[in-house]
Each structure stands twice: as C-alpha cells, then as structure tokens.
Number of protein chains: 2
Amino acid sequence: MTDTAPRPTLEAVAARAGVSRATASRVVNGGDGVREPLVERVRRAVDELGYVPNQAARSLVTRRHDAVAVVIAEPETRVFADPFFALQLRGISKELTAHDNQLVLLLTEGRDDHARVGRYLAGGHVDGALVFSLHLDDPLPGLIRRAGVPTVFGGRPDWSDGEDGDRDPAARDTDAADRGEGAGGGGGVMYVDSDNRDGARTAVRHLVGLGRTRVAHITGPLDQTSAADRLDGFRDVRVDADPRLVEESDFTPAGGERAMRELLDRRPDLNAVFAANDLSAAGALRVLRERGLRVPQDVAVIGFDDMLPVADQTDPPLTTVRQDIEEMGRLMARLLLSRLDHRATPAHGADTGTPAGVILPTTLIRRASA
Amino acid sequence: MTDTAPRPTLEAVAARAGVSRATASRVVNGGDGVREPLVERVRRAVDELGYVPNQAARSLVTRRHDAVAVVIAEPETRVFADPFFALQLRGISKELTAHDNQLVLLLTEGRDDHARVGRYLAGGHVDGALVFSLHLDDPLPGLIRRAGVPTVFGGRPDWSDGEDGDRDPAARDTDAADRGEGAGGGGGVMYVDSDNRDGARTAVRHLVGLGRTRVAHITGPLDQTSAADRLDGFRDVRVDADPRLVEESDFTPAGGERAMRELLDRRPDLNAVFAANDLSAAGALRVLRERGLRVPQDVAVIGFDDMLPVADQTDPPLTTVRQDIEEMGRLMARLLLSRLDHRATPAHGADTGTPAGVILPTTLIRRASA
C-alpha cells in the first residue's frame, strides 16, 4: 500500500471477513463483545488488506492503556525457578515504570494455555507485548499476530512457528517475511538478542586455546534459537567432531547433571565442556566432582550467561560468556514503547516487514573453571 | 438496601457524581473512554447509593474477561527473591488455569506505582483481583475499592489503610466495616490467612518446653498483619518480657543476620530465637555459627513457613511452623472465582460488609534446630 493507492474501506474489510460492517467496526475498535473466530477473521482481513482506520476510529484503536504484556513461553514454575527471567523482567519493569506503563505478566501452566494468552492480548487490555523464551512450533507468534498487538520478541524468533495449522509444513519458510510482518502487529518483527553464535565461538576458542581438543557441549533445548545458535557456534570451532560429544539438555541444573553423566559415559576421555548456560554448567560441575575429576586440570568447564549469584558461587567459580540479560529486557521495553509512540502518529502504510533485530555482543568472563 | 426499598437509578448516580447520565452509563458499562477522576466519582456514587444496574446493563458489567489480576504489594525484586510469592502464585496459577482464567500479574517497582495498578484494575481489564503482602498505610485497598473489582486478600488486611487521604486518622477504625464493604467491590471483604498468632504461640511454647526462658524474637515488618500477629503470639507465651529480646526485621536473610547480631549484642545470654519466617531464621543461623554458638545446644532456633528448600537445607535443618502457602493461593483463587460466579446471578442488595476470613491452621515441624 502506498500514499497514492486508494485506501481500503471498512466495508471491504467486512466483505473479506464475511461479517457485517458493525461487527468489523467493533473488532477494529477493540474487539469487545465479538466472538473470537470472528475477531480473528476480521483481524486477518485488516492485515491482508492493509486497512488503516480513519482518524476518529484510529484514535480509538491507538488509545493507550499504558500497559504492556509480558509473555514468557514457559510454565510459571520455570519462570520462578530460573533467575534468567527475573533478570529480564527487572530490566523490563524498570523501563516500563520509568514511562509510567504497567507491566502485565501473563503466567501460564503450559503451552495449552497459550490460546488463552492470545485471547487476552486480543481483548484490548494492553498496548503491546514483550514475548520471550519462544520454542519452535509454539502457537504464540501466530496468536499474537492475530491479536494484532505490537510486539517485541526476546531472542530471535524462528518463524517455523506453526501459526497456521493448515499450512503445508514444506511451505513454512517460503513466506517468512510475510508472516513476520503480521507478527509485529502490522509493523516489522522486532527482537532483541545476544550474539549467541559468536559467544559460543569465543567459549570454544578459549577452550581450544587451553589445548583442549576433546570439547563436549551440553546444549539448551534445541527448539529455541538461542540454544541452536550456540550449538552452531560450538560446531564452528570444535576440533573433535564426534557427535557423541554433544548432548541436548534443557538449561536446568538437573538437566546439566544428566547430560554430563551421559557425556562421561560415552567419552570418558573428554577434557573440556562448554555448557549452553550457567545453570547446566553448575550441574555438570557437580557430576565432575562426584566422578573425582578435577576442574580445570582434568576437565575445563565454561558456561554462558554470567548469571550471578550462580557463576561466582560454583566450585570452582565458573568461566563463562556474559550476556547482559537485564539490559536485554530494558531494550525490549524501550523498543516497544518507541514503536507505540510511532504508531500513534499518522501512518500511511504498513511497515516493510523486514525483521529488525538488535543484537548485543557477549564477553568472556574468566574465573577458575577454564 | 432491602428488596422493598426503591432501587436507585442511574440518574441518581449521575447526579450524585456530578456527571452526565451518559458518562455515568459509560463508567457503569466498563469505564472506557472516561477520565480517571470522573470514573472514580461515579464508582464512589455507585458504592454510596448501592446502585444495581438493570438486567441489560448488568450483563455488560458482569461480562467476564476470564482474567484475574494478582497484585503483590512489594517491589518486583522482592517478588522474585522470596520463594513465598512463587509458592502462592503456583497455587493461584493452578486454580485459575483449571478454570481457564488468565493470571495477570501486575508488577511494580514500589509503592509509588500503586496508583497505576489501581487505574489498571479500574480499566475493565480483569474480573477480579487477588492482593497480597499489604502493608499498613498502603494506598492499594482504597484504590482497589474505588476500582470496584471483587477482591480476595492474602493475609488479613489492616483497614487503617489510609484509603481516604482526607480522613481524620483518629476516625480510622470507627467505620472499618463500612470501608471493608467497599474494598471487596460491593461485597464483604474476603481474605485467606494462616493462624499466625496461634502458630507463633506453638513455636514459643515449644522453646519454653525445651527449658528456654530467654527467648528472642526476630519479627517481620510490623506494618504487615502477619508479622504483627506473630509478635502478639510470641508475647502471649514468652517468659522473659525484656523488650531488648525483640528486634524488628524484614523477612529477608540479610535482615535476619542484622537482627541476630543486634540481639546477641544486647542480650548475649539469650538461649532461643523465634524468627518470624524461615529466610530470616537462615540468616540468624549463619550469625550464630559465626559467633561460635552451637544450635540447638547453646541457642535453639525456630522459624515460620516451612519453606522448602530453605528449611531443610539450613545447618542444622530448621524446626519451623508450617503454613501451606500454595494452598493459601489456591484457596484465594477459588474464593474469588466463586464470588465472580455469584455476582453474575441476580442480586438485590449489597453484602453485609462483614469481613470473611478463611484461617488455615499451622503445624509445628520438628527438625534439628530446636
């Protein structure tokens, strides 16, 4: 859509959605009192036609609640057990509070609840959403797209998100830009991430520089881009490409313990471990001690995050790749707020749909374990 | 208001609030698009007149969002640092999810943000609210009352809450029932609490039964009823009434350390400590060890909560008073949901305003520290 093209009307949206003009209007003005399937059809028609409401209607649409939703795609038990989320929320909370916006944290028991989160987002209760810890095939990005709320993601989203249940899986990556456009609520997809691949390379280079050639990797959940990117970085640098030196895990201390046992059973000669986060590195350290292996003399260990007070409290203290988690949260909130301000000014067309990622650098922090 | 009294009209509400009928109607129907001060005036008039909207309007008022706000009157840093809140949220989350209601956690940086929380609650985004960790003089109960959302409190609220800034402080406790009525959003005040006073008595009786007569008490923040009630229970039983045996603290491990040092400096002959929660007991244990005092031989220590994995991980493991924190959260959610169901049925008058507390019993858990 350009400035000169005729602007699609509300009637066109209604016709395309197969609903009355009144229903289309109610959805455009917030969606209250309209059944969910109809809301979705109207929002989809709005997306597809690039409909921009007139000034009066738009002032309703852009009416601010001064509230931002935060959605963490993990069960609430994990949200409270992993300090990563607390740190990211701290950054988000500081930034939103500084702009007198209410932080609305939507907790769930699991993925089955994500449809309800989507309904809440679509219900006109928040101005935008910050979403993190997405997993592959999570329905959230699709739900968020249909909810039509501006969104900033924490971590690079993977657009093979299964948003359209009836879509041919083989076609998934062919129209990523198109889908990406929608997922941001009419603008381009925005996300904040650390340079996970480069951070992993730095870690493994450090281990190789210490003369360790049999480097094992305890991954995170590989349905998350952060874990997949760190695995890629590991593969970029490692010397011994034996697949038995890689064990998938889940970013938890217990998962790190399990993975370390597996790796030692398969390759008792390994002399270094790169764990995809500090919590799993802490679990690995416990298993190494239990097996009578000295760190770093027998096995050098390196983590990822520089999560305090974890990384400095392990025995020995953990060498790790630092990412500024609180700053990531702050930046996500800042980007969303600036996008919301931007949206309130007259807009003559949709954004380009080019995903815009802000990638933060990582730093190696040397302690005693490697 | 009784069944036979003439029902106040919307016009009467508008007149009392000094607004147009249209504005009063908009507020009654959700409050969207009306400036905050006017919303508050109308809601107050609704409260004062006991206005019940007609069937059609009420169906709008009682339109469910299937969302419940949780407000913890602490900065987000404490919410994530104290496992008490995670446990209570776990109970709430399970219960809300079982009824397909969205848990909407409203986080703040501090008390300055509570007005914003009140605005969000008044904005028609949730069906009700669960509120805990109230402190004396917190403006939240007053804000919640004006927001007009049904509420269940975690912990007995103290109605000297400063909700009316212009109210004579001396008159604060004379109309508690009246204010209580409002704070629940038109019904009686409901809260869930543990029997804090009885639990404290049990703890101190146990210490006295061990022959300890010089029992010190590390309190929680005394602007919270849970801490004040535990202090009362301590005073009910203790043998040595020396005020130097009581030190106010803040429910944190660091606060427990500070308080323990103070107490030992003032009364080096103390031979038992009752800490108002397990986290502060853990801090006290560290200081006792640092001073070379043996637990329980020299000083017996008892906590409150039975917070796992804290109470079973201290050295020595902590004897404590157990309260079922997760069950408290579950019960709060259950009470609120049943109240919301009740509200949707025809009602002919306001509730009685009698505060309704569900008080859960506590249990002494004996481990090694006392």
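Predicted, not measured: the structure shown is a model, and the values here were computed from it. (Residues numbered from 1 in each chain as written. Chains lettered and ligands numbered in written order. Predicted model: local features only at pLDDT ≥ 70, side-chain atom pairs only at ≥ 80, totals over all residues. Heavy atoms only, no water.)

Points about the overall build of chain A
Point 1. When its secondary structure is counted, chain A shows 14 helices and 12 strands.
Point 2. Looking at chain A residue by residue over its 370 residues, the buried ones come to 55%.
Point 3. Contacts spanning at least 24 positions in sequence make up 74% of the contacts within chain A whose residues lie at least 6 apart.
Point 4. Surface exposure of chain A reaches about 14400 Å², of which carbon and sulfur atoms provide 50%. (Helix = DSSP H or I, 4+ residues; strand = E, 2+ residues; numbered from the N terminus. Buried < 20%, exposed > 50% of the residue type's maximum accessible area, 1.4 Å probe, protein only. Contact = heavy atoms within 4.5 Å. Areas by Shrake-Rupley, 256 points an atom, 1.4 Å probe, with all protein chains shown as cover.)

Brief notes about the packing of aromatic side chains
Point 1. Evaluation of the coordinates by the stated rule reveals 5 aromatic pairs over all chains.
Point 2. Geometrically, the ring pair formed by Phe-85 of chain A and Phe-132 of chain A is stacked, given 6.0 Å between the ring centres and 25° between the ring planes. You can see Phe-85 of chain A sitting in helix α6 (residues 83-98) and its partner Phe-132 of chain A sitting in strand β3 (residues 128-132), a full 47 residues away along the chain.
Point 3. Note on Phe-132 of chain A: relative accessible area 1%, which makes it buried.
Point 4. A centroid spacing of 5.7 Å and a plane angle of 85° characterise the contact between Phe-84 of chain B and Phe-85 of chain B, whose relative ring orientation is edge-to-face. (Phe/Tyr/Trp six-rings, centres within 6.5 Å; stacked < 30°, edge-to-face > 60°.)

Let's talk about the relation of the copies chain B and chain A
Point 1. Take chain B, turn it by 180°, move it 0.0 Å along the axis, and it overlays chain A with an RMSD of 0.1 Å. Here the symmetry operator amounts to a two-fold rotation axis. For chain B, the minimum C-alpha distance to the rotation axis belongs to Leu-105 of chain B and amounts to 2.4 Å.
Point 2. The share of interface residues of chain B whose copies in chain A are also at the interface is 100%, consistent with both copies meeting through the same surface. (Least-squares fit on C-alpha atoms with pLDDT ≥ 70 in both.)

Things to note about the packing of helix α2 (residues 21-28) of chain B against helix α3 (residues 36-49) of chain B
Residues and elements named next belong to chain B.
Point 1. At a minimum axis distance of 9 Å, the contact between α2 and α3 shows a crossing angle of 80°. Put simply, α2 runs roughly perpendicular to α3. Within the contact between the two elements, α2 uses Thr-23, Ala-24, Val-27 and Val-28 and α3 uses Leu-38, Val-39, Val-42, Arg-43 and Val-46.
Point 2. Considering only residue class, the contact of α2 with α3 consists of 7 nonpolar, 1 polar and 1 charged. (Axes fitted to C-alpha atoms, helices over the stretch in contact; angles between N-to-C directions. Parallel < 35°, antiparallel > 145°, perpendicular 65-115°, else oblique. Nonpolar A, V, L, I, M, F, W, Y, C, P; charged D, E, K, R; others polar.)

Looking at the sheet that holds strand β1 (residues 67-72) of chain B
Point 1. Taken in spatial order, the 12 strands line up as β11(A)-β5(A)-β4(A)-β3(A)-β1(A)-β2(A)-β2(B)-β1(B)-β3(B)-β4(B)-β5(B)-β11(B) in an open sheet, and their pairing is mixed. In this open sheet, the two edge strands, each paired with only one partner strand, are β11 (356-360) of chain A together with β11 (356-360) of chain B. For this sheet, the mean inter-axis angle between neighbouring strands, taken without regard to orientation, is 20°.
Point 2. As paired strands, strand β4 (residues 151-154) of chain B and strand β5 (residues 190-194) of chain B are joined by 3 bridges and run parallel to one another. Residue pairing in the sheet places Val-152 of chain B in a bridge with Met-190 of chain B of β5 of chain B.
Point 3. Each of β1, β2 (102-107) and β3 (128-132) of chain B touches helix α6 (residues 83-98) of chain B; the most contacted strand, β2 of chain B, lies at about 150° to it. (Pairing = 2+ DSSP bridges.)

Topic: the interface of chain B and chain A
Point 1. Facing the 32 residues of chain B at the interface are 32 residues of chain A.
Point 2. Across the chain B to chain A interface the summed buried area is about 2800 Å²; carbon plus sulfur atoms make up 53%.
Point 3. It is Phe-80, Gln-102 and Arg-116 of chain B that lose the most area in chain B upon contact with chain A, and together they represent 24% of the buried surface on that side.
Point 4. Taken together, the links from chain B to chain A amount to 6 salt bridges.
Point 5. Where Asp-100 of chain A meets Arg-116 of chain B, a salt bridge forms, and the shortest distance between an N and an O atom there is 3.1 Å.
Point 6. Here chain B is connected to chain A by 19 residue pairs in polar contact (both at pLDDT 80 or more).
Point 7. Put simply, the parts of the chain that give the side of chain B that touches chain A at least two residues each are α5 (76-81), α6, β2 and α7 (114-122) of chain B.
Point 8. Its residues assigned to classes, the side of chain B that touches chain A comprises 13 nonpolar, 9 polar and 10 charged. (Buried area = accessible area lost by both parts, 1.4 Å probe. Salt bridge = Lys/Arg side-chain N within 4 Å of Asp/Glu carboxyl O. Polar contact = N/O pair within 3.5 Å; in protein donor to acceptor, adjacent residues only side chain to side chain.)

Observations regarding the environment of Val-117 of chain B
Point 1. Considering the arrangement of structural elements, one finds Val-117 of chain B in helix α7.
Point 2. Taking C-alpha positions, Val-117 of chain B is 8.5 Å from Leu-107 of chain B, a pair spaced 10 residues apart along the chain.
Point 3. Sequence-distant contacts of Val-117 of chain B, that is, excluding residues within four places in its chain, are made with Gln-102 of chain A together with Val-71, Leu-106, Thr-108 and Leu-140 of chain B.

Let's talk about the pattern of salt bridges
Point 1. All told, the structure shown has 70 salt bridges over all chains when counted by the stated rule.
Point 2. Among the ionic pairs, Asp-265 of chain A bridges to Arg-291 of chain A, the shortest N-O distance being 3.1 Å. Within this pair, whereas Asp-265 of chain A is found in helix α12 (residues 253-266), its partner Arg-291 of chain A is found in the loop between α13 (278-290) and β9 (300-305), the two being separated by 26 residues in sequence.
Point 3. Measuring nitrogen to oxygen at the nearest pair gives 2.7 Å for the salt bridge that ties Lys-94 of chain B to Glu-326 of chain B. Taken as a pair, Lys-94 of chain B in helix α6 and Glu-326 of chain B in helix α14 (residues 325-343) lie far apart in primary sequence, 232 residues in all.
Point 4. Take Glu-326 of chain B: its relative accessible area is 17%, and that puts it in the buried class.
Point 5. Connected through salt bridges with shared partners, the residues Arg-214, Asp-240, Asp-242, Arg-244, Arg-267 and Asp-269 of chain A form a single ionic network.

Here's the deal with helix α11 (residues 225-237) of chain A
Point 1. With 13 residues, α11 of chain A should cover 18 Å at 1.5 Å per step; its first-to-last C-alpha distance of 19 Å lies within 8% of that length.
Point 2. The set of residues buried in α11 of chain A consists of Thr-225, Ser-226, Ala-227, Asp-229, Arg-230, Leu-231, Gly-233, Phe-234 and Val-237 of chain A. (Expected span 1.5 Å × (residues − 1).)

A short note on the confidence of the model for chain A
Point 1. Of the residues in chain A, 82% reach a pLDDT of 70 or more, and the chain-wide mean stands at 84.
Point 2. Confidence drops under a pLDDT of 50 for residues 160-186 of chain A, and excluding neighbours within four residues, the segment shows 55 contacts in the predicted structure. (pLDDT = per-residue confidence, 0-100.)

Comments concerning unusual backbone geometry
Point 1. Residue Pro-316 of chain A is bonded to the preceding Asp-315 of chain A through a cis peptide linkage, with omega at -5°.
Point 2. In the segment running from Val-295 of chain B into Pro-296 of chain B, the intervening peptide bond is cis, with an omega of 5°.
Point 3. Following the sequence through the fold, Pro-296 of chain B ends up in the loop between α13 (278-290) and β9 (300-305).
Point 4. Here Asp-100 of chain A, not a glycine, exhibits a phi torsion of approximately 50°, which is positive.
Point 5. Its place among the elements puts Asp-100 of chain A in the loop between α6 and β2 (102-107).
Point 6. A positive phi angle, close to 55°, is found at Asp-306 of chain B, a residue other than glycine.
Point 7. Position of Asp-306 of chain B among the secondary structure elements: in the loop between β9 and β10 (319-322).
Point 8. A residue is classified by how much of its surface remains accessible, and Asp-306 of chain B, at 10% relative accessible area, is buried.

Looking at the packing of helix α12 (residues 253-266) of chain B against α13 of chain B
All names here are of chain B.
Point 1. Orientation of α12 relative to α13, taken along the N-to-C sense of each, is 50°, at an axis distance of 7 Å. When the interaxial angle is binned, α12 and α13 end up oblique. Helix-helix and strand crossings are classified by hand; for α12 and α13 the assignment is right-handed. Contact residues: Pro-253, Gly-256, Glu-257, Met-260, Arg-261 and Leu-264 in α12; Leu-279, Ser-280, Gly-283, Ala-284, Arg-286, Val-287, Leu-288 and Glu-290 in α13. (Left-handed = near helix turned anticlockwise from the far one by under 90°.)

Brief notes about the side chain of Asp-127 of chain B
All names here are of chain B.
Point 1. One can find Asp-127 in the loop between α7 and β3.
Point 2. Taking the relative accessible area as the measure of exposure, Asp-127 reaches 3% and is therefore buried.
Point 3. Polar side-chain contacts of Asp-127 include one of 3.2 Å to the side chain of Arg-64.
Point 4. There is a polar contact of 2.7 Å between the side chain of Asp-127 and the backbone nitrogen of Asp-66.

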